[in-house]
Amino acid sequence: MASKVVKKNDEAQVRKKRRLAAPTVSEIISDNLTATSLAYWAPLGSDVQQLASKRKPFDAQIIEDIYKKELLRFNLQRVVLLEVSHYLENYLWKYFDPVTATRAHLMSIIFLVNDKFREAVPAWDCFHTKEDLVPKFFARIFALRADPELSVRERTAYIVFLINCFQSLEDTMVRKECLRLVSLPLWHNLNPVRLDKELKANPKLARHWNALLQKEKKQAADGAKSDVERTFLPALIDDFFTLLDKIDPENANLDYVQFCERFIELLLDLISQLPTRRFFHAVLQDMHFVTRCEMSPFAAAPDARLFVQLVEMLKFFSGFEINDFTGLSLSDDEMTQQHSEAIMGLQRIAFKHFMPALKNLALTNSSAISVREGLIKHLSVLADEQLRDLAVHLALLGPLKDGEQCEPRDFIMEILVAAHEKRESQIQQILATSIYPTETLLWDDNIIPTEAWSGGTLALPKLNLQFLTFYDYLLRNYDLFRLESAYEIREDLADAIRRMNARKEPNNDTVFLGWSARALTVKDFNVTYVGKAKVGEDKPSAVNAEVTVSLYNVRGKLRDEWESLRKHDNIFLLTIRAPYFRDEKPADEDQDLNFTDRYGVAYVRGAEIIEVMDEERKVIPEWEFETAPRAGNVRTFKLKLDAAQYQQDLISQDEDVYGTFNLVIRRRAKENNFKAVLETIRDLMSSPFAVPPWLHDIFLGYGDPAAANIIKETENIEFEDTFLSREHLANSYPGRKIRFLSVSGEEASDSTAPLQPPFKITFPKPGDTESPLIAQSYVRPVPGIFHREEPKRNAVPFTPVQISAIQSGLNQGLTMVVGPPGTGKTDVAVQIISNWYHNFPNQRTLIVTHSNMALNQLFEKIMALDIHERHLLRLGRGQEQLETSKDFSKYGRVNYMLQRRLDLLAEVDKLAKGMGVEGDVAYTCETAQHFYEYHVLGRWKEFEAALALDQSCETIEKHFPFTKYFIGLKRAKGEEGDLFPHESLAADRQIADKCMEQLSIVASELAECSPFEMLRSPSERANFLMVKQARIVAMTCTHAALKRADLVAAGFHYDNLLMEEAAQILEIETFIPMLCQEHSAKEGARLKRVVLIGDHNQLPPVVKNMAFQHYARFDQSLFTRFVRLGVPTVDLDAQGRARPSISTLYNWRYKRLNNLPNTEGSTFKLANTGFAYDFQMVDVPDYGGHGEITPNPHFYQNLGEAEYVVAVFQYMRLLGVPANKISIITTYNGQKHLIRDVIETRCASNPLFGRPDKVTTVDRFQGQQNDYILLSLVRTKAVGHLRDIRRLVVAMSRARLGLYVFCRKSLFENCYELTNTFSKLIQRPSKLHVVLGETYQTQRKLDDRANSVEVVDVTHMGAIVGQLYMAVADQMRTAQLYQQIAQQQFVALQEKLKAAAKAKADEAARTTAAQAEAGGEAMANANDAAYDSD
């Protein structure tokens, strides 16, 4: 036990050293290795280049000295120093001579290649510069195995190199050399009996074997025979067992253990891919490798846990359900048959050669001797010699040669039992395992490594280029997805547990002194129901429970989050037994203590919510979950527990686990869908499914990579609105002859009037490049007689390569489109979908993307084309973010169809009245259909009969039965005149036909609406719409994984699949959408076309655990794997996003990437306001004496860069650049948070600044763009993960107009992987150059830098911002003063106007009064006169 502790402490120290492995720039410059590199192979940077004298000639002794003094120290930091100085590229390989190269030279190459793989950067690029030397290099490497001077650690590095080689089989150069080692000559090592048995079972192989023997005989006669193919791997295995036997179980040598673990990793790689497994597997079995490992003394040692786990994995793959020679998957029935034949073979041999000793074995039933105990019981009666003789008869051992000793009895017994005991089905094991992780799995570092993983071997499956079977593919993905989910769960649980601060009371009860937003203490927990086990199962059919918590102290947003827990959400139940009393100080984090021991984690169990009840135990209904009232603060969750885990706990635990829970932890809903995805994968493993035959082999990684590309070429394609003009079509097929035909089919020469699109193209037979394309113009059918609006048209002038992608997408088979940044891959995707819609009206299309944002962008562009909205459906969350007032969800489309039904029935009613038909014919779709069939079609036949008798315009007008209806439509649209113009008989007849066509469309749409009358429930209507009505269905890959079972159960089906962002989607999340429909027993797979659009040169899917990324390759997308396999791709070759100058920073990564004409527009020719250059690298020195800092592991921050970036943002805002046109991105989360903090402090509340459009990481910003990008690279000690070229491409390709990179120049400028980009960046000044006195948008030309000012550092930038801020503030104050004066003048003017108006009104009033008085006097005088006259 003491040795175990010592080893664990040693490993902890190793991890710490490796975390500190990255050398600083100052260390690099001052190191003696740097001086050597400057003298012999590579300067480190421009600042020290002047110090380097003239290059010295090659000196082999330098390699010897570096190897002995540096590399043999096995210090990772020293290897990194050599690797970043280009030691491999510029010295080791450049001067490699296969004749004179020493062991040190070879091993140095091995060390450097291994480090490149560790850093996940291209390792074989430099080898391709001298490919003629590669075979000789590998010959020397293979011969190196026999060197007796190699130490164990050197041999471990040697094995790691072989692992890396066999993980690079997509490289033809490497594959050619490696596959020799696993070829047929290996079978020389089989025992004669086994060899004879294998050759008899495979007659074709027997012929190949005989031919091989003849070839070897001839080579031996010529003296050219090589033994490496037959001896290399068996000799390696012998070396392995020699070292394994030397390990002391009580005090294991760590170097020996690591070698053995690495070696088993190599064997796992070899037998988990068919090309390397085919011949090697038999040799591995014949050497009884697994049995010898299991029976080794070390296997029982405490330090052998990882070793045993690896051996178990090897045992599993060794017995995998596959025929090694045909590659066909074996079903359970076939495996049972194989086992039965093996048992019967044993019984026959026992009856023939070992009677009467094995009489009982020979005559007993097979099930009795299919278990270990039964076999041992029957075989124990044999003597040692008889036992070995039995093994020889069974071809498990070969006859003893002269001088050979008989193997130990227990070994022979074990190989006999292992060969005949029945193996438990893997799927049954999975079904009996809980989907939820438990405390045992969560904190097992061999399976779920911590952040401190240093690159060692792990007990994990790998996602290779190839897979044995689809079951193998699903199983590996299931394991890795489950472990990645468990890692994320562990991080969330650990955070909540730490925050809850559990402490032990004097009575040993646990109390929680802390607080966490995601955790609550348990008030009550009860198991309420345990269902009886189903037939054939030993676990309960269901286990339900109730957990009660109080939300009394939970307020605000957190309360809302807890209240949002609903059906199908997952929570975790924990038992925490605090190890420390209130006054005790807990152990430090860096102490060698497991997390579960440090925080007292006893149990972790997962559960799914099936009901939520309030304090009065009223169930909150699901259909009004957000709005339903809730009584009190107590909530009770009814849970569905994992039945398999419950049964296991009953058997294995001494206490009632479910009576001890004291903590409930929730997770964010977005991150908590793992269970549904795992259940989907598990269902696929346990149920039949069909992959299209044309996709089967390439999916598993075998066969011709181009075989799935074009299964059936479409000869006649209606391209709809793909081409904008005749000239566009001609330019889209450069170098091809094209015959143009008019609508009537007549030849249309160049002198003819230009033909109008659309065009229908007839292609010659595949491979025929001489025959011309035939492009015929055609007229789109217009629905109806009156144009309500012009049909929507594509306006994108597609390039020839984009046309090639669109055309390929119309052919049956697999289409792979590589879309570099800004090349219009979304437009290509939309046009492919549109052409599917119009060319194949009876087929349905499924669209899948990685993110809701990308899906909405794609969907909005589809809506803008000529596709009827009733055929569109958007599933999953995120549809509410569509920029439209229409609802494209299932229930939104149901409502649309119901409203559409009412509108159509209203038209039918108008038609009936116009025809004089009485009765309520528009009551239902059924009555409307009856009306159409008996009245409309009847009247139409009468009309045609009348017209047949008298072909005239008058007959048409007189007998056309629908005149009143269509005249009414015409009037409603504001058009006057008669329905028929009487210009000609043909014109009038065409109008009549168009009218009838419109009525038939109404009838067909009513037929589509009819089921919505018969189906009453919303869910039935929604499912019908999804399964039958919608022709284009869009969802994210996550939604497809979550809802696959529901989709299949509803009868969902589709013919075409288009997946955008395919390079950002996990393998399994790409595979599941291909299987979201039930396959037909007769037709097999329905899928006809698969289009994958992505860019493998940008970032892969997000996998948070570094070990799963680098060791298991879980971040490998199916798109990337297909590219690695050599599947043909259509590479889009013209970008229209960025300035041409900015595109040079990343276009080197692509085969060909030019610029579209729009990049020559005026916007791209003008300079960026306030900047001398459109892109610049800004060197940022230490700020406050510091460069990068890491307050937490992997949480990198750089205050100097953060301050500089924010200062530049402020500068741009003061010049008037809109905030939504500026994005700040960085390569690390820590820097993102730091920049956000600085912005919140300096900018957010100030209206002159505000916040930029985005402050996020490069990884998160993939797929997005902006006019101006401020990029912070953070690191000052080591380049870090920007060495991943894919991240570099994303970082450099986000900007349209301006890109400003803030970094440490001396670090990044000489990184080998970044050379193509930074060689362009360093051509410009490393100090920021600004142009003062400008405002947005400047009219200065791009190359006009006459008045630029150099910014010395961040302090200087701050001073510029301060001065500019004061100037802008003064301008604003002046403007406000002028505004106040103007306001005062305006008020004064208003007062004057009011006074004038009042004076005018008063004058008018006085005038009126005077007139009234004068009128009164006149009246009085008149009256007096009248009186006098009387």
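The rules we used
- Residues numbered from 1 in each chain as written.
- Predicted model: local features only at pLDDT ≥ 70, side-chain atom pairs only at ≥ 80, totals over all residues.
- Heavy atoms only, no water.
- Helix = DSSP H or I, 4+ residues; strand = E, 2+ residues; numbered from the N terminus.
- Contact = heavy atoms within 4.5 Å.
- Pairing = 2+ DSSP bridges.
- Axes fitted to C-alpha atoms, helices over the stretch in contact; angles between N-to-C directions.
- Expected span 1.5 Å × (residues − 1).
- Buried < 20%, exposed > 50% of the residue type's maximum accessible area, 1.4 Å probe, protein only.
- Core = buried A, V, L, I, M, F, W, Y, C linked by side-chain atoms within 4.5 Å.
- Patch = residues over 30% accessible without salt bridge, like charges linked within 9 Å, V, L, I, M, F, W, Y side chains within 5 Å.
- Areas by Shrake-Rupley, 256 points an atom, 1.4 Å probe, with all protein chains shown as cover.
- Salt bridge = Lys/Arg side-chain N within 4 Å of Asp/Glu carboxyl O.

**Focus: the side chain of Gln 1197**
Within the element layout of this structure, Gln 1197 appears in strand β25 (residues 1195-1197). Non-local contacts of Gln 1197, meaning those with residues more than four positions away in its chain, are made with Gly 1187, Glu 1188, Ile 1189, Pro 1191, Gly 1230, Gln 1231, Leu 1234 and Val 1274.

**Quick notes on the sheet that holds strand β11 (residues 738-741)**
In space, the 4 strands of this open sheet follow the order β10-β12-β13-β11, with mixed pairing throughout. Only two strands of the sheet have a single partner each, and these edge strands are β10 (716-718) and β11. Across this sheet, the average inter-strand angle for adjacent strands is 20°, counted without regard to direction. Across 3 bridges, β10 lies against strand β12 (residues 759-762) in antiparallel orientation. Residue Ile 717 lies in a different strand from β12, and its bridge partner there is Ile 761.

**So, helix α31 (residues 674-686)**
Under the 1.5 Å per step criterion, the end-to-end length of α31 is 18 Å for 13 residues, consistent within 8% with the ideal 18 Å. Along α31, the positions that sit buried rather than exposed are Phe 674, Lys 675, Val 677, Leu 678, Thr 680, Ile 681, Arg 682, Leu 684 and Met 685. Elements that come into contact with the buried residues of α31 comprise α25 (426-431), α27 (470-500), β6 (570-576), β7 (601-613), α43 (1037-1050) and α44 (1067-1071).

**Description of the nonpolar core**
Phe 127, Trp 187, Phe 240, Phe 289, Phe 307 and Phe 1122 are the most contacted members of the largest nonpolar core, which totals 255 residues. No other element matches the 17 residues that α27 contributes to this core. Sequence-distant contacts of Trp 187, defined by excluding residues within four places in its chain, comprise Leu 195, Glu 198, Leu 199, Leu 205, Trp 209, Phe 279, Ala 282, Val 283 and Phe 325. Judged by nonpolar contacts, the second largest core, of 46 residues, contains Leu 755, Ile 806, Phe 859 and Ile 862.

**Here we look at a nonpolar patch on the surface**
On the surface, Phe 351, Met 355 and Leu 363 cluster together to form a nonpolar patch covering roughly 310 Å² of accessible area. Tracing the backbone shows Met 355 in the loop between α20 (332-353) and α21 (359-363). A relative accessible area of 35% places Met 355 in the partly exposed class.

**Details of the pattern of salt bridges**
Oppositely charged side chains can pair when the atoms bearing their charge come close. On inspection of all chains with the given rule, the structure shows 78 salt bridges. Across the salt bridge formed by Glu 622 and Arg 566, the nearest N and O atoms sit 2.9 Å from each other. Residue Glu 622 is found in the loop between β7 and β8 (634-641), and its partner Arg 566 is found in the loop between α28 (556-563) and β6; the two are separated by 56 residues along the sequence. In this structure, the salt-bridge partner of Arg 989 is Asp 993, at a minimum N-O distance of 3.0 Å.

**Notes on the environment of Ile 448**
Take Ile 448: it is sitting in the loop between α26 (439-442) and α27. Classification of Ile 448 as buried rests on a relative accessible area of 0%. Remark: the alpha-carbon pair of Ile 448 and Leu 480, spanning 32 residues in sequence, is separated by 9.7 Å.

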